[in-house]
Amino acid sequence: MISFTQGRFVKMRWMAAVLLVLSMVVMAGCGGNSASTNKQSANTAKIGVPAYLSGAGAAYGEAIRQGLELAQSEINAKGKIKIELIFEDTKGQKNEAINAVNKLINKDNVVAIIGPTLSGEMFAAGPIASQAGVVIMGTSTTAEGITEVGDYVFRNALPESLAIPNTVKKATAKYNLKKVAVMYSNNNDWAVSGYKTFMQSLKQNGVEVLTVETFADKDTDFSAQLTKIASLNPDAVMVSSLYQEASLILKKARELGIKVPFVGNNGFNSPQLMKIAGAAAEGAIVSSPWYPGKDDAKVQAFIKAYQAKYNKAPDQFAAQSYDALYIMVNALEKAGSTTDRKKLRDNLAQIKGFQGVTGKFAFDEKRNPAMEATVLIVKNGQFTELK
Amino acid sequence: MDFILNPYYLQIVMFMAINAVLGISIYLTLSTGQLSLGNAGFMSIGAYVSALLTIKAGAPILVSVLCGGVAAGCMALLIGLPVIRLQGIYLAIATLGFGEVVRVIVLNLKITNGALGISGIPSMAVIFGKQLSEVGLSSGMGGLTLQQIANLLVLLVLIAVVAVLVFFCIRVHNSRVGRALAAIKADEKAAEVMGIDVTYYKILMFCLGAVVAAIAGGLAAHLTFYIGPKDFAYHRAVEILLFAVLGGSDVVWGPLLGAFLLTALPEVLRFAAEYREMIYGAILVVMMAFRPQGLLSTQTLRYIKEKLGRSRVNDTSTQPG
């Protein structure tokens, strides 16, 4: 008798478990299917977007998604070429990015891919897309050597190797820099790449480096490094890190009485910097292809449309992905096909003189962007052009 | 056939095989009841050693992967001697610390290229492709392109590695060593009293686990073109442990099943878009609530065998004689 009731109990527990799992799958199925109901027609181009949509860097993925969707709705309204976007989450992980790219190419048959978000993901997924002969274009992959992994790898993200020398040159001339201190986050691939470029361009400009101090992502205490820097009395401090650490560094530095300008890599290029650091952000310098204060009808129209759709101001990630889709459509139109991957690649490589919200754009022979960056400085809590 | 030739599915199966090897590595250390979280660290040693050997020294992949395994084995012996005295949660924390130390060293060494990681690692598929075209198969064979044949070859190699390891584990399990391991797992003190050299067996399995994890790392490095310190961080250590926890650590099939399920699940759930992570987590919670000992145990295996045996008996009895 006992064993009978026990047996029944175990059976019931199993059934409950199976039911639970089933109901969850069904629930999710109802939620997720709406995206794939788009009708396929001859002039619809399918573009895959593997992006960092969940996890610590989800904010970047979200901005990229919004920039793309805004461009998509505008392009589809015009009606010449219709765009279908297929988003896949990569969680910022290499293997997930490989799987996502493989799925987009082989299961969804996309004509091109915009993404993935991180440089590390691109190093792993780029060769795969290239081998399959599918254009893959990064909008936020700024590290050195990205496009060298394959002939089909493009990017419209301004590489740090272009942006940083630009910033250093301008800042050196403006503030007559002789000796500086350098700080960087040594467990972030992209920040290390930025640091290397900083050292190179400082050398080229004949600026002496007094000290190099390192820290790690998610650090919150920078007093040791900054106390040392304060004692050396540099003309400026170069920082290569994400905005979270950069803001805290600025705050601490001003507390310790370091009043010199801070020159940053792309991590400084976020409205969050002023939000977290407040008045301490004054005098922070960064190069950016995206400058919302630009006196340009296209830029202002984009900001307005973005505001209306998402009720917030666009950042550089949204702006770059917005441009990326327009660049892609431009090449698709020239190729005269929405499915020919090879033709798309060849036409994309020849894009020149494209006018987007991040300025005039062209690909160089290595499929990197050739574009101009504006050097910005924080003044009264706003990015303004450094003249 | 189209299904298996699709590079997307092929890639998933390859990841499954790699994860299966990792699952076996944690099964080996768990077989003496040691909870080690250091396997991600050993995996990264294997991955970096073999990647650097192929890139800098031009060694063949097979040699470099084995060298990675040996390097990790030596490392395991070195840290195993002091650390193995610890038990349970203390060993887990010590090995977790080891994994972090490896990660930080990799992050700061010049040869590992720090946080930037190593890109452009020659992949097995590309090398197989080259060798095939040298043999004169550049246009493919039997309706398959060169690329497809190369991919299938890689898959065969991975499956062979898994098969050899499973065979090895089963042989060990049924040997004198296996009995000793089972005794240690059941009760260390009692095993010692019976005259089993507990420290020897524990270090043996710890090192074997490390070697197998490093082989998985080396194979993974030559599958994905790129490795960075982020790939072998804390989350990877937990993921490896999860294979054994979900699948069951009593029999070698347990971690294997766990690895298959946990690799397939995120891909199967892709249709759920933003609900994916939620469902994945919820399934794990449900599994643990209803089956804390893991999916497969000795009892379930015996049960399955009995069922199969009975049906076979029935089959023969119904045959006209």
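Provided above is the structure to which this section pertains.
Residues take numbers from 1 onward in each chain, read along the sequence in its written order. As they are written, the chains are lettered A onward and the ligands numbered 1 onward, keeping that order. Per-residue local features are limited, in this predicted model, to residues with pLDDT of at least 70; the limit for side-chain atom pairs, both in listing and counting, is 80 or more; totals at the level of whole chains, interfaces and linings are taken over all residues. Excluding hydrogens and water, the side-chain figures rest on all heavy atoms present in the structure.

### Quick word on the sheet that holds strand β14 (residues 374-379) of chain A
Residues and elements named next belong to chain A.
So, step 1. By this definition, two strands are paired if DSSP reports at least two bridges between them. To qualify as a helix, a DSSP run of H or I must reach at least 4 residues; to qualify as a strand, a run of E must reach at least 2; elements of each kind are numbered from the N terminus. In spatial order, the strands read β7-β6-β8-β9-β10-β14-β15; together these seven strands make up an open sheet with mixed pairing. Edge positions in the open sheet fall to β7 (208-215) and β15 (382-385), since each of these has one partner strand only. Sheet twist, expressed as the mean angle between neighbouring strand axes with direction ignored, is 25°.
So, step 2. Note that strand β6 (residues 179-185) and β7 share seven bridges and pair parallel. Looking at β7, one finds that Val180 is bridged to Val209.
So, step 3. The criterion used for residue contact is that any of the two residues' heavy atoms lie within 4.5 Å. For every element, the axis is a line fit to its C-alpha atoms; helices are fit only across the contacting stretch, and the angle between N-to-C directions ranges from 0 to 180 degrees. Where helix α7 (residues 223-232) meets the sheet, its contacts fall on β6, β7 and β8 (236-240), and the angle it forms with β7 comes to roughly 170°.
So, step 4. Along the sheet face, helix α8 (residues 243-255) touches β6, β7, β8, β9 (262-264) and β10 (284-288) and points at about 170° away from the line of β9.

### Thoughts on unusual backbone geometry
Residue and element names in this part refer to chain A.
So, step 1. The omega torsion across Gly115 and Pro116 is -15°, close enough to zero to call that bond cis.
So, step 2. By secondary structure assignment, the location of Pro116 is in the loop between β3 (112-114) and α4 (119-132).
So, step 3. Phi at Asn109 takes a positive value of approximately 55°, unusual for a residue other than glycine.
So, step 4. Structurally, the position occupied by Asn109 is in the loop between α3 (94-106) and β3.
So, step 5. Exposure classes here rest on a 1.4 Å probe applied to the protein chains alone. A residue is buried below 20% of its type maximum, exposed above 50%, and partly exposed in between. What makes Asn109 exposed here is its relative accessible area of 53%.

### Observations concerning the pattern of salt bridges
So, step 1. Whenever a carboxyl oxygen of Asp or Glu lies within 4 Å of a side-chain nitrogen of Lys or Arg, that contact is scored as a salt bridge. Applying the stated criterion across every chain yields a total of 22 salt bridges over all chains.
So, step 2. Among the ionic pairs, Lys366(A) bridges to Glu148(A), the shortest N-O distance being 3.6 Å. Placement of the pair is Lys366(A) in the loop between β12 (359-363) and β13 (369-370) and Glu148(A) in the loop between β4 (135-138) and β5 (153-155), with a sequence separation of 218 residues.
So, step 3. With its nearest N and O atoms 3.0 Å apart, the salt bridge here joins Lys342(A) to Asp346(A). Of this pair, Lys342(A) and Asp346(A) both sit in helix α12 (residues 341-349), separated by four residues, roughly a single helical turn.
So, step 4. Assessed through its relative accessible area of 31%, Asp346(A) is described here as partly exposed.
So, step 5. Three or more residues are tied together by salt bridges with common partners; here these are Glu88(A), Lys91(A), Glu96(A), Lys103(A), Asp108(A), Glu267(B), Arg270(B), Arg276(B) and Glu277(B).

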